[in-house]
Amino acid sequence: MSEAVRTTCAYCGVGCGIRATVTGERKVTIEGDPDHPANRGRLCSKGTHLGETVGLEGRLLTPMIGKKRTNWDRALDLVAKRFKETIARHGPNSVAFYVSGQLLTEDYYVANKLMKGFIGTANIDTNSRLCMSSAVAGHTRAFGEDIVPATYNDLDAADLIILVGSNTAWCHPIIYQRIRARCEAGAKLVVIDPRRTETAEEADIHLAIRPGGDVALMNGLLQYCREAGAVDDDYLAAHVAVPENFWDELGEGNDLWSVARACDVPVADLRRFYELFAATPRTVTMFSQGINQSTSGTDQVNAILNLHLATGRIGKPGAAPFSITGQPNAMGGREVGGLASTLAAHMDFAPENRDRVQRFWAAPAMAEKPGLKAVDLFRAVGEGRIKALWVMATNPAVSMPDAGRVREALAACPFVVVSDVIENTDTGAFAHVRLPAAAWGEKDGTVTNSDRTISRQRALFAMPGEAMPDWWIVKEVARRMGWKTAFSYDRPADIWREHCRLSTYDNDGARLFALPGAAQGGNAAYDDMKPFRWGGDQTFADGRFSTIDGRARLVPVAQKPLPEPLVKWPLTLNTGRYRDQWHTMTRTGLAPKLARHREEPLVEVHPDDAARLGLVGGGLARVETPQGESVYRIVVSEGQRPGELFVPIHWTDRTSSGGRTGLLPRPLVDPVSGQPGFKRTPAAIAPVATRWRGFLLLANELDERPACLWATRVAVPAGVLWELAGNGDLKCIEALLPRGERIEAQDIARGTRRVAVVTGGRLAGALFVTESGELPPRDWLIAQLSAPDVAPTLLAGRAPGVAADRGPIICVCFDIGLKTIAAAIRDQQLADVAAIGGAIGAGTNCGSCRPALARILAEETSDAA
Ligand SMILES: Nc1nc2c(c(=O)[nH]1)N[C@H]1C(S)=C(S)[C@@H](COP(=O)(O)OP(=O)(O)OC[C@H]3O[C@@H](n4cnc5c(=O)[nH]c(N)nc54)[C@H](O)[C@@H]3O)O[C@H]1N2
Ligand SMILES: Nc1nc2c(c(=O)[nH]1)N[C@H]1C(S)=C(S)[C@@H](COP(=O)(O)OP(=O)(O)OC[C@H]3O[C@@H](n4cnc5c(=O)[nH]c(N)nc54)[C@H](O)[C@@H]3O)O[C@H]1N2
Ligand code: SF4
Ligand SMILES: [Mo]
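For the structure given in this document, a descriptive report is provided here.

Taken together, 34 residues lie near ligand 1, and Asp 193, Ser 288, Gln 289, Arg 577 and Gln 581 sit nearest. Contacts to ligand 1 include Asp 193, whose side-chain N or O atom sits 2.6 Å from an oxygen atom. Considered on its own, ligand 1 offers 910 Å² of accessible surface; in the complex 99% of this is hidden by protein. A per-class count over the shell around ligand 1 returns 11 nonpolar, 16 polar and 7 charged.

Below you can see the structure in the form of structure tokens.
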């Protein structure tokens, strides 16, 4: 066994440190790094199960031109040639890169330098446009620079933590555990989210706000603070520029009653929240996609920043606004200037900045002005204005709004290059050239997390096949385009040092982002780099901001009128994430344990809507918007507001016929940031009838999705499970079963059909279908895929004597189902989450399921009462 390597988790912006020990060929054990400041040894379910995703199944391991394998020289020459030709014929603005917050800083730096300094256009945008560009724009308006002034330590010092539009318990679980710990020590938690998420369930106050009402809520609060004497006039006088009439304009229509009505929240809850805020100086307001992903996203961000500036709650321990980042290197992308609207090292396109960067890069063709933002960029592709596009580390055919239109654009584009780690992605299907990138665990570089802590990601394995790191791929293309010296990097450390030097180049302190010490280190220093934070632990403590006069700005923002429901589209569609899946599932979709929390894409509907529209839990429904439609499995949930639907973003063409959420949102964006409003799309829903439902269990992957109305892939140990439903006949489904010895059973009266295929004594496939009856529980059947001998009772669907299954898996670490937990609570009279852990272990490892355990406990105890 080799020594543990310190690296950083591949997933979210919490940026947890990991100690990874390679135990064999593509095998690794993962532990939290006790010395990493972001997590101090803890990991959530996704981090804990990273080891299940490092196998080579599904990997793209050779460069491809069309459907043919090729070698690197040919692929790189072709990419360089086509980009050069396109630029020569149509100018630099006819090409574009679409990159990702999942690139490492070094990768990102090289791509940005090539586009903005050498090709000579700023048509490089990133999926971070869809993620936190409103926060970037809001920070820049208020502080003069895109600075997140908070750190995780502020959470430990806060007396009030407000989570706005953030399902932290699922999306930033380790931050959430830190918040819970602080709440157990007495801090209060307020959650502002239209849904009653697991995060909201544990809050002292949950405001189930009418979607899009956040500016009204925050402006009302600011007005309340003013009246309650909680505005810090001294701070404002010393450090903040307040526009004339700011307070007069704020005062209008922002009384408690009007705000409660506008936001559709109980006035008593609103008053409690306002009183609590006014009385609690140590407040951290954390926000993410419920704020950013809106056509008023930037205003919503500034409404929050206004509150913190006006109450002087910034630059002090436990007091700060806190925009949390989603992707592992979203923050690093901001530092290198990966957005079309930023240049590099926290500089914009102002003449002096352009000039400075041009000098530093010795750039032959500096971009003159900001480039196309993601939605406009794909529109330009669709209209033929962009003729060569390179997509790296993102899956826009799934994740862009109005993804159907994005697919049409990709299909029409004369030259599409996709760099990915996975062979078959929805976006890769449109590529002329596919380039195999090295994945997490194979590549070296740095990432910056939500609280400005820079950590190293380190290689654990040799690069498989011909995979190469993204920085190498980009610099090889740059060199082939003719820029050999400017892209003569041999290792990530070379790029890192250049990036650090640019951050301090001609920087007298006007730009807070600066990495002075790091620029001098050698390769050994880079290899040994410990996590460190830039920008200080208490940013803005001196009250100086990055504006010309050093003052922050209050930015007047007004609530936009919220539209009434439309006749054809009477509902509002909200979209977001599940606890154990990551985006388009290219990696978490490989891990059977992570599939068990939510196996299928669900549409959550309020009981009143369900009753009115004939929607039954467990059935299927078609969700439709003006952009497209997709089918989901229905869940009736009290946690939804009436009139609203919630669907997950994770399922793709590869994994499901339904749940194709990217097709539904409008491509409408915030006017300042260009971020799409993913959370609020007018929609309609109707039940979908199917004659039969069933499941197909297979030892091997299928090349194509089963052709029926509903087919969703679920990763299981030693194989794959497809949940199915349809109206057609079963012949084409049965044809998917492998060859071998067939065992069959049929009950015509109940419309039941069961087929199993055995080869060499082992189960190779099984199809269970019913028209009217129940389907057997899946657990035992799935286990038969790994069993050395097929059980004779196979077609009965369960082991003799074994009763029902365990229900949905709540604790993925110890594989404990809902029913097991509920039974333990009842039988052993367990009174709290810790007692459940003591009795059956659930929740004692990663802790991601603790909010769910609390809810089950509450339900069981209220049932008992
Ligand atoms: N498990 C998991 N974790 C992840 C990811 C993942 O894919 N899976 N992705 C990572 C990434 S890239 C990101 S960006 C983050 C996102 O993390 P979050 O922002 O926490 O995630 P979302 O589920 O997109 O949306 C957050 C909440 O906003 C609420 N919301 C919708 N509309 C409104 C509104 O008008 N006002 C308010 N106040 N709230 C609203 C939604 O109901 C939802 O609960 O998660 C990161 N972490
Ligand atoms: N409706 C709706 N849509 C949304 C959102 C929403 O809330 N609602 N959220 C938006 C947000 S916040 C985000 S961040 C996006 C995320 O959306 P995407 O970025 O499209 O999602 P991922 O699945 O993370 O795509 C990453 C791709 O990079 C590949 N990859 C992984 N590692 C590497 C690497 O090292 N190199 C290379 N070259 N490739 C790699 C993966 O296999 C995968 O194909 O979705 C956005 N879309
Ligand atoms: S919270 Fe979970 S997914 Fe995010 S970095 Fe930490 S372990 Fe990884
Ligand atoms: Mo994101």
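A few words on the environment of Arg 501. Along the polypeptide, Arg 501 turns up in helix H22 (residues 492-504). Once the C-alpha coordinates of Arg 501 and Gly 482 are considered, the two residues, 19 residues apart in sequence, prove to be 24 Å apart. Residues in contact with Arg 501, not counting those within four places in the same chain, are Phe 360 and Ala 519.

Here 5 strands make up an open sheet; going across it, the order is E10-E9-E8-E12-E13 and the pairing parallel. For this open sheet the edge positions go to strand E10 (205-207) and strand E13 (320-323), each flanked by a neighbour on one side alone. Taking the axes of each pair of neighbouring strands and ignoring which way they run, one obtains an average angle of 15° across the sheet. Packing against the sheet, helix H7 (residues 173-184) makes contact with strand E8 (160-164), strand E9 (188-192) and strand E12 (283-287), and its axis sits at approximately 135° to E9.

Attention shifts here to the site of ligand 3. Around ligand 3 sit Cys 9, Tyr 11, Cys 12, Val 14, Gly 15, Cys 16, Leu 43, Cys 44, Lys 46, Gly 47, Pro 173 and Ile 174, and that is every residue in its neighbourhood. Mapped onto the shell around ligand 3, the elements with two or more residues apiece are helix H1 (45-48) and H7. In terms of residue class, the shell around ligand 3 is built from 9 nonpolar, 2 polar and 1 charged.

Right, let's talk about the pattern of salt bridges for a bit. Any two side chains of opposite charge can pair, so long as their charged atoms come close to each other. For the structure on display, the rule yields 62 salt bridges. Across the salt bridge formed by Asp 402 and Arg 405, the nearest N and O atoms sit 3.7 Å from each other. By relative accessible area, Arg 405 is classed as partly exposed at 43%. The salt bridge partner of Asp 527 is Arg 456, with a shortest N-O separation of 3.5 Å. Taken together, the positions of Asp 527 in helix H24 (residues 523-527) and Arg 456 in strand E18 (residues 453-457) put the pair 71 residues apart, joining distant regions of the chain. For Asp 527, a relative accessible area of 43% corresponds to the partly exposed category. Note on Arg 456: relative accessible area 4%, which makes it buried.

When you tally the buried positions in strand E25 (residues 644-648), you get 5 out of 5 residues, the bulk of the element. Going residue by residue along E25, you find Glu 644, Phe 646 and Pro 648 tucked away on one face and Leu 645 and Val 647 tucked away on the opposite face as well. Pairing between strand E21 (residues 571-576) and E25: 5 bridges, direction parallel. Residue Gly 576 lies in a different strand from E25, and its bridge partner there is Pro 648. Summarising the sheet, strand E22 (residues 602-605) and E25 pair through 2 bridges and their orientation is antiparallel. From the neighbouring strand, Val 605 faces E25, where its bridge partner is Leu 645.

Moving on, we come to the packing of helix H29 (residues 818-828) against helix H31 (residues 850-864). Geometry of a packed helix pair, given as the angle between the helix axes and the separation of the axes. At their nearest, the axes of H29 and H31 sit 10 Å apart, and the two run at 50° to each other. It follows that H29 is oblique to H31 by the angle criterion. Of the two possible hands of crossing, H29 and H31 adopt the one that is right-handed. Between H29 and H31, the contacting residues are Leu 818, Ile 821, Ala 822, Ile 825 and Arg 826 on the first element and Leu 853, Ile 856, Leu 857 and Glu 860 on the second. Across the contact of H29 with H31, the residue classes break down as 7 nonpolar, no polar and 2 charged.

Now for the sheet that holds strand E31 (residues 752-759). Consider a sheet: its strands pair through backbone hydrogen bonds, and that pairing is either parallel or antiparallel. Read across the sheet, 6 strands follow the order E28-E29-E27-E32-E31-E30 without closing on themselves; strand pairing throughout is antiparallel. The open sheet has two edge strands, strand E28 (710-716) and strand E30 (741-747), and neither has a second partner. The average undirected angle you get between the axes of adjacent strands in this sheet is 10°. Bridging between E28 and strand E29 (residues 719-726) involves 7 bridges; their strand directions are antiparallel. Residue pairing for E29: Ala 715 is matched across the bridge by Val 720.

Using the criterion set out here, one finds 24 aromatic pairs in the structure. The interplanar angle of 75° and the centroid separation of 4.9 Å between the aromatic rings of Phe 513 and Trp 534 together place this pair among those described as edge-to-face. Residue Phe 513 is found in the loop between H22 and helix H23 (516-520), and its partner Trp 534 is found in the loop between strand E19 (532-533) and strand E20 (552-553); the two are separated by 21 residues along the sequence. Between Phe 540 and Phe 545, the ring centres sit 4.4 Å apart and the planes meet at 35°, which makes this aromatic pair tilted. Judged by its relative accessible area of 3%, Phe 545 is buried. One cation-aromatic arrangement involves Lys 113 over Phe 487; the distance from NZ or CZ to the ring centre is 5.1 Å.

Mapped onto the elements, Ile 30 comes out in strand E3 (residues 27-32). When residues no more than four places from it in sequence are discounted, the contact partners of Ile 30 are Ile 18, Arg 19, Ala 20, Leu 43, Gly 47, Thr 48, Leu 50, Gly 51 and Trp 440.

Parameters at a glance
- Residues numbered from 1 in each chain as written.
- Chains lettered and ligands numbered in written order.
- Predicted model: local features only at pLDDT ≥ 70, side-chain atom pairs only at ≥ 80, totals over all residues.
- Heavy atoms only, no water.
- Near = heavy atom within 4 Å.
- Polar contact = N/O pair within 3.5 Å; in protein donor to acceptor, adjacent residues only side chain to side chain.
- Areas by Shrake-Rupley, 256 points an atom, 1.4 Å probe, with all protein chains shown as cover.
- Nonpolar A, V, L, I, M, F, W, Y, C, P; charged D, E, K, R; others polar.
- Helix = DSSP H or I, 4+ residues; strand = E, 2+ residues; numbered from the N terminus.
- Contact = heavy atoms within 4.5 Å.
- Pairing = 2+ DSSP bridges.
- Axes fitted to C-alpha atoms, helices over the stretch in contact; angles between N-to-C directions.
- Salt bridge = Lys/Arg side-chain N within 4 Å of Asp/Glu carboxyl O.
- Buried < 20%, exposed > 50% of the residue type's maximum accessible area, 1.4 Å probe, protein only.
- Parallel < 35°, antiparallel > 145°, perpendicular 65-115°, else oblique.
- Left-handed = near helix turned anticlockwise from the far one by under 90°.
- Phe/Tyr/Trp six-rings, centres within 6.5 Å; stacked < 30°, edge-to-face > 60°.
- Lys NZ or Arg CZ within 6 Å of the ring centre and 35° of its normal.

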